[in-house]
Amino acid sequence: MRDLTGPEGDGLMKDTINAAAPVIEARNLNLTFDTADGAVHALKDVNLTIGKGEFVSFIGPSGCGKTTFLRCIAALETPTAGTLTVNGMTPDEARKSRAYGYVFQAAGLYPWRTIAGNIKLPLEIMGFDRAEQESRVERVLELVELKGFGKKFPWQLSGGMQQRASIARALAFDADLLLMDEPFGALDEIVRDRLNEELLKLWARTEKTIGFVTHSIPEAVYLSTKIVVMSPRPGRITDVIDSPLPKERPLDIRDSREFIEIAHRVREGLRAGHGDDM
Amino acid sequence: MRNILPILTVVATIVVLWYLAAVKLNSAWVYDQATRAGADMPAFSQVVSETMNQDRPVLPTPHQVGAELWKSTVGMAVTSKRSLVYHGWVTISATLLGFAIGTGLGVLLAVGIIHNRAMDMSVMPWAIASQTIPILAIAPMIIVVLNSLGLQGLVPKAIISAYLSFFPVVVGMVKGLRSPDQMQLDLLKTYNASAAGAFWKLRVPSSMPYLFASLKVGIAASLVGAIVGELPTGAVAGLGARLLSGSYYGQTVQIWAALFAAAIVAAGMVIVIGLIEKGTLRRMGMVR
Ligand SMILES: Nc1ncnc2c1ncn2[C@@H]1O[C@H](COP(=O)(O)OP(=O)(O)OP(=O)(O)O)[C@@H](O)[C@H]1O
Ligand SMILES: [Mg+2]
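All of these numbers come straight from a predicted model, not from anything done at the bench.

Draft legend 1. Examining the sheet that holds strand 4 (residues 81-86) of chain A more closely. All names here are of chain A. Strand order in this open sheet of three strands is 2-1-4, and the pairing throughout is antiparallel. Bordering the open sheet on either side are strand 2 (38-50) and strand 4, each of which pairs with just one other strand. Put simply, the sheet's adjacent strands are angled 30° from each other on average, direction ignored. As paired elements, strand 1 (residues 24-35) and strand 4 share five bridges and run antiparallel to each other. When the bridges of strand 4 are listed, isoleucine 24 appears paired with valine 86.

Draft legend 2. Main features of the sheet that holds strand 5 (residues 100-103) of chain A. Residue and element names in this part refer to chain A. Taking strand neighbours across the sheet as the criterion, the six strands line up as 5-6-7-3-8-9 in an open arrangement whose pairing is mixed. At either margin of the open sheet sits one strand with a lone partner, and together these are strand 5 and strand 9 (236-242). Within this sheet the neighbouring strands show an average axis-to-axis angle of 15°, counted without direction. Of the pairings in the sheet, the one linking strand 6 (residues 177-181) to strand 7 (residues 209-214) comprises five bridges and is parallel in character. Residue pairing for strand 7: leucine 178 is matched across the bridge by isoleucine 210. Contacts from helix 2 (residues 66-73) reach strand 3 (55-59), strand 5, strand 6, strand 7 and strand 8 (226-231) within the one sheet, and its direction differs from that of strand 6 by about 150°. Here helix 6 (residues 159-171) sits on the sheet in contact with strand 5 and strand 6, set at roughly 165° to strand 5.

Draft legend 3. The interface of chain B and chain A, seen in detail. Facing 19 residues of chain B, the contacting portion of chain A comprises 25 residues. In this assembly, chain B packs against chain A so that about 2,200 Å² is buried in total across both faces, 64% of it on carbon and sulfur atoms. Of all residues in chain B, Thr190, Tyr191 and Lys201 of chain B bury the most surface against chain A, accounting for 32% of the area lost on that side. One can count two salt bridges joining chain B with chain A. When the shortest N-O distance is used, the salt bridge between aspartate 186 of chain B and arginine 71 of chain A registers 2.8 Å. Scanning the region where chain B abuts chain A turns up eight residue pairs in polar contact (both at pLDDT 80 or more). Those elements giving two or more residues to the side of chain B that touches chain A turn out to be helix 8 (182-190) and helix 9 (195-230) of chain B. In terms of residue count, the dominant contributor to the side of chain B that touches chain A is helix 8 of chain B (seven residues). Of the residues in the side of chain B that touches chain A, the class split is ten nonpolar, five polar and four charged.

Draft legend 4. Seen up close, the site of ligand 1. Residue and element names in this part refer to chain A. If you check the shell around ligand 1, you find 13 residues, and the closest are Ser62, Gly63, Lys66, Thr67 and Thr68. Interatomic distance of 2.9 Å between a backbone N/O atom of glycine 63 and an oxygen atom of ligand 1. A distance of 2.6 Å separates an oxygen atom of ligand 1 from a polar atom in the side chain of threonine 67. Across the complex, the protein chains shield 64% of the 630 Å² of accessible surface that ligand 1 would expose by itself. Of all the secondary-structure elements, those providing two or more residues to the shell around ligand 1 are strand 1, strand 2 and helix 2. No other element matches the three residues that helix 2 contributes to the shell around ligand 1. Classifying every residue of the shell around ligand 1 gives four nonpolar, seven polar and two charged.

Draft legend 5. Representation of the packing of helix 4 (residues 84-115) of chain B against helix 9 of chain B. Residue and element names in this part refer to chain B. Axis separation between helix 4 and helix 9 bottoms out at 8 Å; the angle between their running directions is 140°. Judged by the angle between their axes, helix 4 and helix 9 are oblique. At the point where helix 4 passes helix 9, the crossing takes the right-handed sense. For the pair helix 4 and helix 9, contact is made by Val90, Thr91, Ala94, Thr95, Leu96, Gly98, Phe99, Thr103, Val107, Val111, Ile114 and His115 and by Phe199, Arg203, Leu211, Leu215, Gly218, Ile219, Ser222, Leu223, Ala226, Ile227 and Glu230, respectively. Among the residues forming the contact of helix 4 with helix 9, the class breakdown is 14 nonpolar, seven polar and two charged.

Draft legend 6. Structural context of the confidence of the model for chain B. Residue and element names in this part refer to chain B. Summary statistics for chain B give a mean pLDDT of 89 and a share of 98% for residues scoring 70 or more. Of all secondary-structure elements in chain B, the lowest mean pLDDT belongs to helix 2 (residues 44-51), at 86, while helix 4 reaches the highest, 94. Interface confidence in the predicted complex, given as ipTM, is 0.83; pTM for the same model is 0.82.

Draft legend 7. Just empty space enclosed by the protein, in detail. Residues and elements named next belong to chain A. With the rule as written, the count across this model stands at one cavity of 30 Å³ or more. In this structure, the largest cavity spans a volume of roughly 60 Å³. For the largest cavity, the full set of lining residues is Leu143, Val144, Arg164, Ile167, Phe184, Leu195, Glu198, Leu199 and Leu202. At the level of elements, helix 6 and helix 7 (189-206) are the ones that each hand at least two residues to the lining of the largest cavity. By residue number, the principal contributor to the lining of the largest cavity is helix 7, which donates four residues. When the residues that make up the lining of the largest cavity are grouped by side-chain class, the tally is seven nonpolar, no polar and two charged.

Draft legend 8. Representation of the packing of helix 4 (residues 115-125) of chain A against helix 6 of chain A within the structure. All names here are of chain A. Taken N-terminus to C-terminus, the directions of helix 4 and helix 6 make an angle of 30°; their axes are 8 Å apart at the nearest point. Between helix 4 and helix 6, the angle falls in the class roughly parallel. The chirality of how helix 4 crosses helix 6 is right-handed. Facing Ile115, Asn118, Ile119 and Pro122 of helix 4, the residues of helix 6 in contact are Ala165, Ala168 and Arg169. Here the residues of the contact of helix 4 with helix 6 sort into five nonpolar, one polar and one charged.

Conventions and cut-offs
Residues numbered from 1 in each chain as written. Chains lettered and ligands numbered in written order. Predicted model: local features only at pLDDT ≥ 70, side-chain atom pairs only at ≥ 80, totals over all residues. Heavy atoms only, no water. Pairing = 2+ DSSP bridges. Helix = DSSP H or I, 4+ residues; strand = E, 2+ residues; numbered from the N terminus. Axes fitted to C-alpha atoms, helices over the stretch in contact; angles between N-to-C directions. Contact = heavy atoms within 4.5 Å. Buried area = accessible area lost by both parts, 1.4 Å probe. Salt bridge = Lys/Arg side-chain N within 4 Å of Asp/Glu carboxyl O. Polar contact = N/O pair within 3.5 Å; in protein donor to acceptor, adjacent residues only side chain to side chain. Nonpolar A, V, L, I, M, F, W, Y, C, P; charged D, E, K, R; others polar. Near = heavy atom within 4 Å. Areas by Shrake-Rupley, 256 points an atom, 1.4 Å probe, with all protein chains shown as cover. Parallel < 35°, antiparallel > 145°, perpendicular 65-115°, else oblique. Left-handed = near helix turned anticlockwise from the far one by under 90°. pLDDT = per-residue confidence, 0-100. 1 Å grid on protein atoms, 1.4 Å probe; cavity = no way out; pocket = protein on both sides within 12 Å on 5 of 7 lines; lining within 4 Å. Points joined across faces, edges and corners; volume = space filled by probe spheres on them.

The structure is reproduced here in structure tokens:
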């Protein structure tokens, strides 16, 4: 399904013959919420292409539509205008083909399931057999460094561990696309640094495409191959920065000149988007 | 152990107040007797002693009720028509059957309500309306109608009992099955889970605490329903029958003993559900 053959594939072939087909492609995407006190223009003319294996961060002030954009990709919201494709399909087709794992801001583990039970949840729903479930749980627990915690209940784990468990749950069914909405938002700086490092390693190992929402400039710069700066009212993209940083990133890369320059550009973008009120 | 002292204090206070009330309420009869016999007004201490063990007191004293309870449970063959164990069992069996029917019906209605918009709009008002009708008014009609259909004894009482107990279960289960937040539902949507998958894996487990809270209210309501259902049957058997025959013959001690038996049965059933709740939630990992 992912290689673009068939009727509409022929036209696209010329563009995609060199670069890999985009995982996400948004063209003039608009989304307006009808609320009691008028329409809210949550996304305005969003154009964005995300290629396979990219790590894309979305950064911007509160209410600029980061979550809304991620939810559009996940087919949890329906755009009011424009086109959006995920692996060349509509978001809803992609959802049905289980193309992505979604990590919400809160870990949202089921309190009545153990950590292993929580990770099995998507596997049970998708009909993996028992043995396969067990081996996948073991694998992803190792991936997020929670080996040995499978039998614990969520409340027996720290917030950071719970968040890692929820990432493991999203990884368990091997979707190529991982969508994460401020997964580390509620955690302290030190835990966050560790998880960021682990996430980068995980990304390098699994070669997944990741869409990552954050409020933190250093986090966005440290993690991403591409940083999407957004601004509110109406929610739109003001800058897209392709990071020149190497794929291998020790934590102290954050003191390098390149890193500081990108962070500066992101900050400028955020300031510009904010207009005068900053 | 720490809980014992406050409980004992409360019980002791109630017993003391009860004795005081019994003296006050039963003394009228003592004075009445004295006037009728043309005797002098009896001394207060004599009045008090004569209020303690009357045959048909306005308010029986705690030890009278206790003795009657003892006599009609332990001190009597279970097969005796005056045994509270026998009558209690008659009522309990109707209560349990009614509770099972009511719970089943309540859960089914709740499942319908959360999955079907038409049911959501239509069932709840009727369920609420059904509970505003005094059960005392409707119970005789249910008995009569079912009797004409050839149903007697256990089943009509169980149906009245179910009539009272389905309601808390519907209300609790609708709330419980709707308790998962939007994020939880969205998560399942990203897995492309079916409605059945969401129901069994998310809604049912989330509703468990609500279910047990409803069951505790429901079982007590079931017992009330079973007792009320026994009143119009002409007082054959059951705690309700004991209450009724007690009031026919002015046997206040018997009435109070039956009332206490009912209260003890209710407390026992609520405690049993509480234990099942604890066990279930612990097995689910929801009790720390
Ligand atoms: N379901 C909804 N109904 C109405 N308005 C909504 C809805 N969801 C989001 N909005 C509005 O759309 C805008 C964008 O919201 P969104 O949640 O995408 O912001 P965000 O960038 O994720 O913000 P934050 O950083 O605070 O999470 C906001 O103005 C918000 O009020
Ligand atoms: Mg958000």
